[in-house]
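Chain residues, written in single-letter form:
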Amino acid sequence: MRYSAFSIVKQALSGNRNWAPAWREPQPKAHYDVIIVGGGAHGLATAYYLAKEFSTANIAVLEKSYIGSGNAGRNTTIIRSNYMLPGNSAFYELSLKLWEGLERELNYNAMVSQRGMVYLIHSDSQRDAMARAGNAMLMNGSDAELLDREQVRRLLPYLNYDHARFPILGAFVQRRAGTVRHDAVVWGYARAADSRGVDIIQDCEVTAIRRQDGLVTGVETSKGFIGCNKLALATAGNTSTVGRMAGLDLPIESHVLQAFVSEGLKPLIDHVIIYGTGGHFYISQSDKGGLVFGADLDGYSSYAQRGNLAAVESTMADGVALIPGLSRVRALRAWGGIMDMTMDGSPIIDRTPVDNLYLNGGWCYGGFKATPASGFCFAHLIARNEPHPVARLLRLDRFERGFPLDEGGKGPQPNLQ
Amino acid sequence: MASLIKCPHCGVRPREEFSVRGDASVVRPSPAASDEEWHRYVHIRENPRGPYREHWQHAAGCRRWLVVHRNNVTHEVYDVMDAATVAKEVAQ
Amino acid sequence: MTSFRLSSGGLVSRAKPLAFTFDGRTMRGFEGDTLAAAMLANDQMLVGRSFKYHRPRGIVTAGSSEPNALVTIGSGGRAEPNTRATVAEIYQGMVATSQNRWPSLKFDIGALNSLLSPFLGAGFYYKTFMWPSAFWEKLYEPLIRRAAGLGRASFEADPDRYEKAWAHCDLLIVGAGPAGLMAALTAGRAGLRVILADEDFRLGGSLLSEAVAIGDQPASEFASSVIAELASLPSVTLMPRTTVFGWYDDMVFGAVEGVQKHVSVPSSDRPVERLWRIVAKRAILATGAEERPLVFGGNDRPGVMMAGAVRTYLNRHAVAVGKRVAIFTNGGSGYRAARDLAAQGIEIAAIIDGRAASTNEAPAGVRVMRGGSVVATRGRHRIEALIAERSGYDETIACDALAMSGGWSPVIQLACQRGGKPVWSEDRQAFLAPDVGPQLRMAGAAAGEESIAVCMRHGRDQARAALADLGVSVPLVVIPGVEGETDGSFSPLWYVPGARDKAFVDFQNDVHVKDFGLAQREGFGHIEHTKRYTTAGMATDQGKLGNVNAIGIVAGMGGVSPADLGTTTFRPFYTPVSFGALAGAEVAERAKPVRRSPLHEWAKKNGAVFVESGLWHRSAWFSLPGEKTWRESVDREVLNVRANVGLCDVSTLGKIEVFGKDAAEFLNRIYSNAMLRLPVGKARYGLMLREDGVVFDDGTVSRLGEDHFVVTTTTAYAGEAMSHMEFAAQTFWPELDVRFVSVSDQWAQMSLAGPRARDVMSQLVEDDISNEAFPFLGVREVALKGGVRARLFRISFSGELAYELAVPAGYGEAVADALMEAGSKHGICPYGVEALNVLRIEKGHVTHSELDGRTTADDVGLGRMVSGQKPDFIGKRLSTRFGLTAADRTQLVGLKPVDRAKELKAGAHLLKEGAKPSTVNDQGHITSACHSPVLGHSIALAMLKSGRERFGEKVVVWDGLRGEEFQAEVCSPVFVDPQNRKLHL
């Protein structure tokens with residue numbers, strides 16, 4: 001069923017009783033060509049592009065809970081491509097380009113809103129680093145600008161200019177960055193994949209990966225054994241747990257990252273604002289009116305999807321330090337997502353030592369914004385058995401071989417990424 | 001664990017006084033170890049769900065590095081030991 | 001204006017009238033009123049507009065779960081949008097304003113949305129607004145954003161203060177109702193440290209709203225007497241106006257106390273809110289139960305409210321919510337409301353009981369319609385009538401308020417914030433808290449108990465059980481009898497069939513029953529999907545009223561039990577908490593501490609302009625009269641250092657003293673270059689790697705004695721380097737005898753640099769510091785004239801003859817003054833970090849601009865500092881990985897613009913001549929740049945692919961970000977004195 005203003009009117013006239021399900025609820029078949037583990041945005045996007053771009057039929061996405069129950073549904077919805085290292089920059093720029101056409105591609109309004117990202121600059125060295133990144137982005141065909149203090153003040157008059165602990169010297173801006181309604185990305189990909197014949201199987205937890213002669217033959221699940229020719233993992237947050245089922249050794253630690261939403265407010269903040277020196281805080285406002293914001297990892301290994309109060313307090317303090325007018329706004333809800341933190345802060349889309357097993361994970365903070373490119377490149381890898389050109393450096397062996405993609409320069413310590 | 005940590009030297013202190021480094025189960029290989037061992041030590045993590053040993057430092061207290069033995073699903077703490085004590089035990 | 005205030009009764013102070021305004025209209029209430037109570041007393045039932053359809057909305061509850069009666073209180077920097085009128089305490093002069101309406105509350109254009117509602121069902125926005133693509137940001141989204149949202153936040157700075165505190169107790173009791181009070185009494189009388197916290201400004205919970213008698217007293221007086229006793233117990237802390245919003249690990253509870261939210265003008269002596277972290281050995285949640293709305297057509301009409309709320313307004317605030325009140329119930333709560341209303345002489349239009357039969361008794365003369373249901377309501381800004389249906393027959397019943405009750409849901413949020421899932425009780429027809437272990441127990445209505453008497457006993461017993469866990473046995477508190485309590489049981493009724501208007505489940509977000517049907521049809525049947533698709537439970541009340549009904553309805557649609565469907569996840573915050581309270585005092589200039597060098601005052605009086613550098617304020621340059629730009633000052637400082645002598649504060653560098661017989665061995669393993677045989681009295685430049693072979697930090701290592709070193713780190717990495725060394729000593733090599741102490745703050749350190757440096761320094765130092773006696777890289781303890789012991793290092797960052805002199809911090813300013821005086825005849829000038837940076841760029845010395853966490857020692861030309869001889873040091877093994885030694889890595893070079901007038905800037909990238917700017921063609925980037933006053937043009941350090949082979953080559957400096965592109969010549973990174981002659985003067 002195609003969605004449009006016309007369909008809304010037509011359905012309304014018949015009492016909205018004839019809307020079709022957005023996706024089917026199929027029983028798993030005995031065997032698939034490709035099984036994707038993980039019904040998050042990445043897994044569903046992968047299934048969609050496999051079916052659409054790489055003519056793969058007979059695909060299943062297995063989700064242990066409901067689709068979008070992991071990080072796809074607990075992020076701060078920001079999209080941007082301000083990455084500077086070759087290996088990341090082209091990949092994230094492809095993602096941003098795919099976001100730009102996503103809604104018409106999927107016939108689903110995911111509210112891709114290119115509101116612009118303003119990354120504040122508080123020191124000369126930070127400006128130098130931003131300039132380096134910005135020029136790398138421009139070289140890569142992306143967009144980037146530098147603003148001086150007065151330009152920032154005109155754009156965002158409500159920031160703390162006069163009583164700041166760390167004065168605002170300027171900002172790095174990516175106009176094409178913005179926000180997307182996160183759940184809608186999951187649903188849009190699910191619906192589009194389903195309409196191309198992908199079986200999306202919810203409440204189906206993979207409990208073991210069956211291998212024979214060095215190859216995966218299928219997966220044991222809470223709904224029984226399901227066979228496959230190729231198995232693809234897209235379970236960020238739990239990549240180590242699932243990977244271990246196939247004997248993978250991974251450069252990943254799981255950490256909790258909190259995010260927050262405020263009570264609904266009339267339009268207040270029009271951009272994505274990032275504050276990264278002295279304190280750390282990022283914020284945007286959803287179309288519904290809630291301020292969506294977050295900051296740092298809680299800092300320790302955790303699979304509990306909840307955070308600690310100390311991190312909440314420091315987030316709020318950084319928020320008020322940046323935007324004093326937030327003081328009397330109320331935070332409504334806090335939640336925690338489990339991040340696959342890698343040893344260099346960059347993701348992995350690669351083959352594995354098991355020939356028909358493919359890995360997509362290690363997304364650190366970058367998973368949501370990467371969704372379309374992640375799905376596209378992972379589908380390419382699965383279908384062609386070779387990496388997509390923009391994802392070719394997101395290799396699993398880059399650590400061993402000395403080619404880390406360390407945007408932050410923090411070294412192999414996951415909680416510093 | 002995420003609110004309070006019992007430092008073996010300083011007693012129960014708030015989490016903010018501590019900094020966390022990471023997995024305490026990995027042991028620095030000997031200089032003679034293979035490249036593979038060194039790579040695994042620096043990069044590969046078991047990342048289990050459940051009981052876990054992690055290096056924390058009482059940075060705003062006694063400055064000692066600690067091994068916090070805890071559960072990373074429930075956040076229950078089993079025990080906290082001085083890291084040097086643990087390292088000496090491992091060495092033996 | 002009709003007054004709905006009763007002439008007597010209630011718990012308000014009639015002697016203390018208070019005036020406030022709502023939308024500009026002056027109203028009066030009494031001390032002890034909430035804003036909602038006072039508005040009801042003033043016949044102001046219409047309070048706000050709903051989120052989506054802008055339907056008129058009134059007051060539904062008398063507590064913190066209120067979805068509709070949200071107002072903005074205060075103005076300017078004190079404006080608080082979305083404040084629940086049902087919990088806000090009125091004060092003299094309070095200014096309350098309605099929200100989400102235009103042009104006015106009574107006439108709101110947005111209400112047109114209601115007419116379009118068939119097109120605006122759940123998720124309609126996912127299905128349209130896709131063409132043309134640019135219209136989303138330009139047209140559709142701005143319209144949606146303007147229509148959405150609730151209150152308007154002020155961007156004015158908050159004039160008030162906030163603070164934070166810790167509290168510790170044996171037993172935390174959340175909720176001061178019947179169960180909580182008895183729990184507190186039980187533990188308090190036994191002398192245990194008890195904290196009793198309640199969100200209300202008056203303790204007592206439901207006892208304040210009850211008309212029953214306990215012992216010989218009215219319920220509220222009984223509560224008062226218990227509270228008086230608790231207040232007299234030294235180990236009991238009563239915390240009214242304190243909302244426990246979160247349960248965190250290790251039995252730490254987050255709570256926010258309203259300290260001055262209820263006063264006209266907050267005193268600046270105290271905070272307006274205080275954030276508590278309460279550490280409890282045991283906790284009891286006596287948080288009561290939330291009454292469920294009934295989901296029937298027109299249930300959102302102003303005047304339709306919870307039966308329990310009707311009783312609160314009546315009994316506690318002496319306000320009748322109407323003159324002729326109808327009641328729609330499926331349990332005893334409706335009858336309790338009827339009894340209390342009748343006792344005050346309020347006319348009761350009818351009791352419509354959804355159950356065919358019940359044992360509840362109506363007051364005399366009140367009509368009961370059993371097996372009936374309300375299918376619609378009439379009225380515009382207040383209900384005027386309801387349409388009841390029974391056995392297919394309609395009846396219109398006039399009323400000006402409608403009390404509803406759909407049963408009770410225990411308030412279990414806090415217990416479920418740490419992963420535990422609510423458990424459906426078929427018996428109670430409610431979700432109960434899971435067993436979360438003995439540390440946290442539920443008591444009273446929060447545990448599903450029903451009557452006051454049972455709740456009081458349960459509170460007592462749960463406290464005894466909690467204390468027994470702690471090994472304390474306490475005497476039994478005698479619970480007095482309760483008189484006049486009637487059966488409060490109910491049968492669940494998730495949805496009232498036959499609705500002729502929208503039947504709302506989530507009032508604030510305008511989610512009605514049909515939305516759930518649509519979500520089911522479209523495949524959003526998982527309760528989390530239902531929530532996210534319909535937005536039910538995502539409003540400011542977080543579904544406190546509506547969620548259980550939503551689950552019941554969705555479960556019913558799927559033909560399953562609520563137990564099978566489960567709930568969405570409870571997360572902090574129980575009720576919304578202000579940023580201000582969570583931020584505390586760490587705002588504005590106090591957001592982070594400021595670190596100042598011991599030479600700060602010296603720098604200040606010499607005209608320093610300071611710059612933020614991490615937490616430090618460092619002197620950037622020293623402006624002289626007549627200098628118009630910072631560049632003029634910096635150029636002068638640099639030239640003066642090169643020609644004469646300058647004094648620079650370098651106290652911010654990290655300084656670590658290392659002791660022990662294995663100190664040298666330890667440093668030999670920490671640094672990549674050899675340290676073992678560093679002679680006493682010598683300094684050496686040292687490089688630390690990370691274990692992955694990348695450079696971590698650099699600094700100097702000075703050997704003061706066989707077993708005593710002092711090492712410096714960069715300012716930025718002082719803390720990390722210290723932790724790194726401690727980690728290595730304690731976990732890698734605990735057998736080494738080595739100890740450290742950070743002395744960064746203990747020493748004032750100054751760099752005296754320039755050809756005349758010795759002339760100046762020797763005037764202060766007793767010792768012989770001639771080049772022969774104290775050559776380059778010499779280190780020694782010296783006596784200053786006047787007796788101060790100091791450390792003198794002959795090291796140089798500027799490339800000039802230079803000394804670093806370290807004196808105990810307290811002597812810093814005096815010694816710097818003395819150096820300035822001694823230097824006056826040699827042309828000394830102070831110089832700041834800007835000049836320091838120019839001096840080091842001219843010399844090709846690297847900082848963290850080059851050592852950016854990705855560069856190896858070889859990349860920056862320091863490959864010789866990575867020892868091939870030493871068996872082990874941190875970073876040795878992984879530094880030889882293929883990728884870290886590849887030939888096409890970028891390497892440190894110098895750059896000069898071919899057109900000397902051009903300005904090189906850090907962050908620009910490099911291209912081969914003729915190459916198009918692209919990622920593939922990218923050859924590197926500029927890491928540091930400055931104007932070299934010595935050379936008279938711009939210079940830069942850069943990382944260039946295979947750069948050391950390319951000296952003399954011309955490259956293109958590409959800075960698209962700043963619109964610049966010009967040629968530069970690749971050269972050695974050392975621009976000044978490449979033979980280092982000046983170091984050895």
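Predicted, not measured: the structure shown is a model, and the values here were computed from it.

1. What to know about the interface of chain A and chain C
Next, step 1: Listed by partner, the interface residues are 117 residues for chain A and 120 residues for chain C.
Next, step 2: For the pair chain A and chain C, the two sides together bury roughly 10,100 Å², of which 56% comes from carbon and sulfur.
Next, step 3: When the buried area of chain A at its contact with chain C is split by residue, Met139, Arg165 and Arg328 of chain A rank highest and sum to 11% of it.
Next, step 4: Applying the counting rule to chain A against chain C returns 14 salt bridges.
Next, step 5: Linking arginine 306 of chain A and aspartate 249 of chain C is a salt bridge whose minimum nitrogen-to-oxygen distance equals 2.7 Å.
Next, step 6: Put simply, chain A and chain C have 68 residue pairs in polar contact (both at pLDDT 80 or more) between them.
Next, step 7: Of all the elements, helix α5 (residues 124-139) of chain A adds the most residues to the side of chain A that touches chain C, at 10 residues.
Next, step 8: The pairing of strand β16 (residues 330-342) of chain A with strand β32 (residues 577-578) of chain C spans 2 bridges and is antiparallel. Paired with alanine 331 of chain A across the strands is valine 577 of chain C, a residue of β32 of chain C.

2. Topic: the domain arrangement of chain C
Interfaces are often sized by the amount of accessible area the parts lose when they come together.
Next, step 1: Considered domain by domain, chain C is made up of domain 1 (1-152), domain 2 (162-289 + 410-483), domain 3 (502-574), domain 4 (595-652 + 746-840), domain 5 (654-742) and domain 6 (887-984).
Next, step 2: Using only C-alpha atoms to locate each centre, domain 2 of chain C and domain 4 of chain C end up separated by 63 Å.

3. Let's talk about the interface of chain B and chain A
Next, step 1: Between chain B and chain A, the contact holds 27 residues from the first and 26 residues from the second.
Next, step 2: Across the chain B to chain A interface the summed buried area is about 2,200 Å²; carbon plus sulfur atoms make up 47%.
Next, step 3: Sorting the residues of chain B by area buried against chain A places His43, Asn47 and Arg49 of chain B first, and these three jointly supply 27% of that buried surface.
Next, step 4: At the surface where chain B touches chain A, the tally comes to 2 salt bridges.
Next, step 5: Put simply, arginine 40 of chain B and aspartate 249 of chain A hold a salt bridge, and the shortest N to O gap is 2.8 Å.
Next, step 6: Across the chain B-chain A interface, the total number found is 17 residue pairs in polar contact (both at pLDDT 80 or more).
Next, step 7: Put simply, the parts of the chain that give the side of chain B that touches chain A at least two residues each are β3 (19-23), α1 (35-43) and β4 (51-57) of chain B.

4. What to know about the side chain of arginine 132 of chain A
Next, step 1: For arginine 132 of chain A, the position within the fold is in helix α5.
Next, step 2: Overall, arginine 132 of chain A belongs to the buried group, its relative accessible area being 14%.
Next, step 3: Only 3.3 Å separates the side chain of arginine 132 of chain A from the side chain of histidine 925 of chain C, close enough to count as a polar contact.
Next, step 4: Among residues more than four places away in sequence, those in contact with arginine 132 of chain A are Met84 and Leu85 of chain A together with Asp852, Arg854, Gly907, His909 and His925 of chain C.

5. What to know about the sheet that holds strand β36 (residues 645-649) of chain C
All names here are of chain C.
Next, step 1: Pairing is mixed in the open sheet, where 6 strands are placed in the order β43-β44-β45-β42-β36-β46. With one partner strand each, in any of the chains shown, β43 (779-783) and β46 (828-830) form the two edges of the open sheet. For this sheet the average axis-to-axis angle between neighbouring strands, irrespective of direction, equals 25°.

6. Observations concerning empty space enclosed by the protein
Next, step 1: In the structure shown here, the tally under the stated rule is 13 cavities of 30 Å³ or more.
Next, step 2: Forming the boundary of the largest cavity are 17 residues, of which Ser409, Pro410, Gln413, Val548 and Phe570 of chain C lie nearest the centre.
Next, step 3: Looking at the lining of the largest cavity, the elements with two or more residues in it are β25 (408-410) and α11 (547-558) of chain C.
Next, step 4: Residue contributions to the lining of the largest cavity peak at 3 residues, all from α11 of chain C.
Next, step 5: Split into classes, the residues belonging to the lining of the largest cavity amount to 8 nonpolar, 7 polar and 2 charged.
Next, step 6: Looking at which domains feed residues into the lining of the largest cavity, each of domain 2 (162-289 + 410-483) and domain 3 (502-574) of chain C gives three or more.
Next, step 7: Roughly 120 Å³ of volume is contained in the second largest cavity.
Next, step 8: Elements with a minimum of two residues in the lining of the second largest cavity: β16 of chain A together with β13 (242-248) of chain C.
Next, step 9: With 3 residues, the top contributor of residues to the lining of the second largest cavity is β16 of chain A.
Next, step 10: For the lining of the second largest cavity, the class distribution of residues is 7 nonpolar, 5 polar and 4 charged.

7. Some words on the confidence of the model for chain C
Next, step 1: The share of residues in chain C with pLDDT of 70 or more is 100%, and the mean pLDDT across the chain is 96.
Next, step 2: Prediction confidence for the complex, expressed as pTM and ipTM, is 0.97 and 0.99 respectively.

8. Some remarks on the packing of helix α9 (residues 513-521) of chain C against α11 of chain C
Between two packed helices, both the angle of their axes relative to each other and the distance between the axes serve to describe the pair.
Residue and element names in this part refer to chain C.
Next, step 1: Following both chains from N to C, one finds α9 and α11 inclined at 45°, their axes separated by 10 Å at the closest point. It follows that α9 is oblique to α11 by the angle criterion. Considering only the axes of α9 and α11, their crossing is right-handed. Contact residues: Val513, Phe516, Gly517 and Gln520 in α9; Ala550, Ile553, Val554 and Met557 in α11.
Next, step 2: Across the contact of α9 with α11, the residue classes tally to 6 nonpolar, 2 polar and no charged.

9. Let's talk about the pattern of salt bridges
Residue and element names in this part refer to chain C.
Next, step 1: Applying the stated criterion across every chain yields a total of 101 salt bridges over all chains.
Next, step 2: Where aspartate 510 meets arginine 57, a salt bridge forms, and the shortest distance between an N and an O atom there is 2.8 Å. Taken as a pair, aspartate 510 in the loop between β30 (504-506) and β31 (511-512) and arginine 57 in strand β4 (residues 56-57) lie far apart in primary sequence, 453 residues in all. Each member of the pair, aspartate 510 as well as arginine 57, is classed as buried.
Next, step 3: Its salt-bridge partner being lysine 905, residue glutamate 964 comes within 3.5 Å of it at the nearest N-O pair. With a gap of 59 residues between them, glutamate 964 in strand β52 (residues 964-971) and lysine 905 in the loop between β47 (890-897) and β48 (909-912) connect regions that are remote in the sequence.
Next, step 4: Overall, the relative accessible area of 25% leaves glutamate 964 in the partly exposed class.
Next, step 5: Its relative accessible area of 23% is what places lysine 905 among the partly exposed residues.

10. Some thoughts on the UniProt feature "domain: GCVT N-terminal" (unreviewed entry) in chain C
Next, step 1: Residues given the UniProt feature "domain: GCVT N-terminal" (unreviewed entry) here are residues 599-869 of chain C.
Next, step 2: The straight-line gap between the two end C-alpha atoms of residues 599-869 of chain C is 42 Å; of that span, 27% is helix and 29% is strand.

11. Examining the pairing of strand β12 (residues 252-264) of chain A
All names here are of chain A.
Next, step 1: Of all 13 residues in β12, 13 are buried, a share of seventy percent or more.
Next, step 2: Bridge count for β12 against β16 is 11 bridges, and the pairing is antiparallel. In the strand pairing of β16, serine 254 is matched with aspartate 340.
Next, step 3: Relative to strand β15 (residues 290-301), β12 runs antiparallel, the two being bridged by 6 bridges. Paired with phenylalanine 260 across the bridge in β15 is phenylalanine 293.

12. A short note on the packing of aromatic side chains
Given two aromatic rings, one states the distance between the centres and the angle between the planes to describe the pair.
Next, step 1: One pass over the structure, following the stated rule, counts 46 aromatic pairs over all chains.
Next, step 2: A ring pair is formed by tryptophan 38 of chain B and tyrosine 41 of chain B, whose centres lie 6.0 Å apart and whose planes are at 90°; its orientation type is edge-to-face. One end of the pair, tryptophan 38 of chain B, and the other, tyrosine 41 of chain B, are both in helix α1, 3 residues apart, so they sit about a helical turn from each other. Across this residue pair, the class does not change: tryptophan 38 of chain B and tyrosine 41 of chain B are buried.
Next, step 3: Between tryptophan 424 of chain C and phenylalanine 431 of chain C, the aromatic rings sit 4.9 Å apart at their centres with planes inclined by 65°, giving edge-to-face as the arrangement.
Next, step 4: For tryptophan 424 of chain C, a relative accessible area of 12% translates into the label buried.
Next, step 5: We classify phenylalanine 431 of chain C as buried; its relative accessible area is 7%.
Next, step 6: The ring of phenylalanine 51 of chain C carries the charged tip of lysine 288 of chain A above its face, separated from the ring centre by 5.1 Å.
Next, step 7: Across from the ring centre of tryptophan 247 of chain C, 4.7 Å away, lies the NZ or CZ of arginine 418 of chain C, which sits over that ring.

How each quantity is defined
- Residues numbered from 1 in each chain as written.
- Chains lettered and ligands numbered in written order.
- Predicted model: local features only at pLDDT ≥ 70, side-chain atom pairs only at ≥ 80, totals over all residues.
- Heavy atoms only, no water.
- Contact = heavy atoms within 4.5 Å.
- Buried area = accessible area lost by both parts, 1.4 Å probe.
- Salt bridge = Lys/Arg side-chain N within 4 Å of Asp/Glu carboxyl O.
- Polar contact = N/O pair within 3.5 Å; in protein donor to acceptor, adjacent residues only side chain to side chain.
- Helix = DSSP H or I, 4+ residues; strand = E, 2+ residues; numbered from the N terminus.
- Pairing = 2+ DSSP bridges.
- Domains from an automatic or database assignment.
- Buried < 20%, exposed > 50% of the residue type's maximum accessible area, 1.4 Å probe, protein only.
- Axes fitted to C-alpha atoms, helices over the stretch in contact; angles between N-to-C directions.
- 1 Å grid on protein atoms, 1.4 Å probe; cavity = no way out; pocket = protein on both sides within 12 Å on 5 of 7 lines; lining within 4 Å.
- Points joined across faces, edges and corners; volume = space filled by probe spheres on them.
- Nonpolar A, V, L, I, M, F, W, Y, C, P; charged D, E, K, R; others polar.
- pLDDT = per-residue confidence, 0-100.
- Parallel < 35°, antiparallel > 145°, perpendicular 65-115°, else oblique.
- Left-handed = near helix turned anticlockwise from the far one by under 90°.
- UniProt positions renumbered as here; feature names shortened; annotations may be inferred.
- Phe/Tyr/Trp six-rings, centres within 6.5 Å; stacked < 30°, edge-to-face > 60°.
- Lys NZ or Arg CZ within 6 Å of the ring centre and 35° of its normal.

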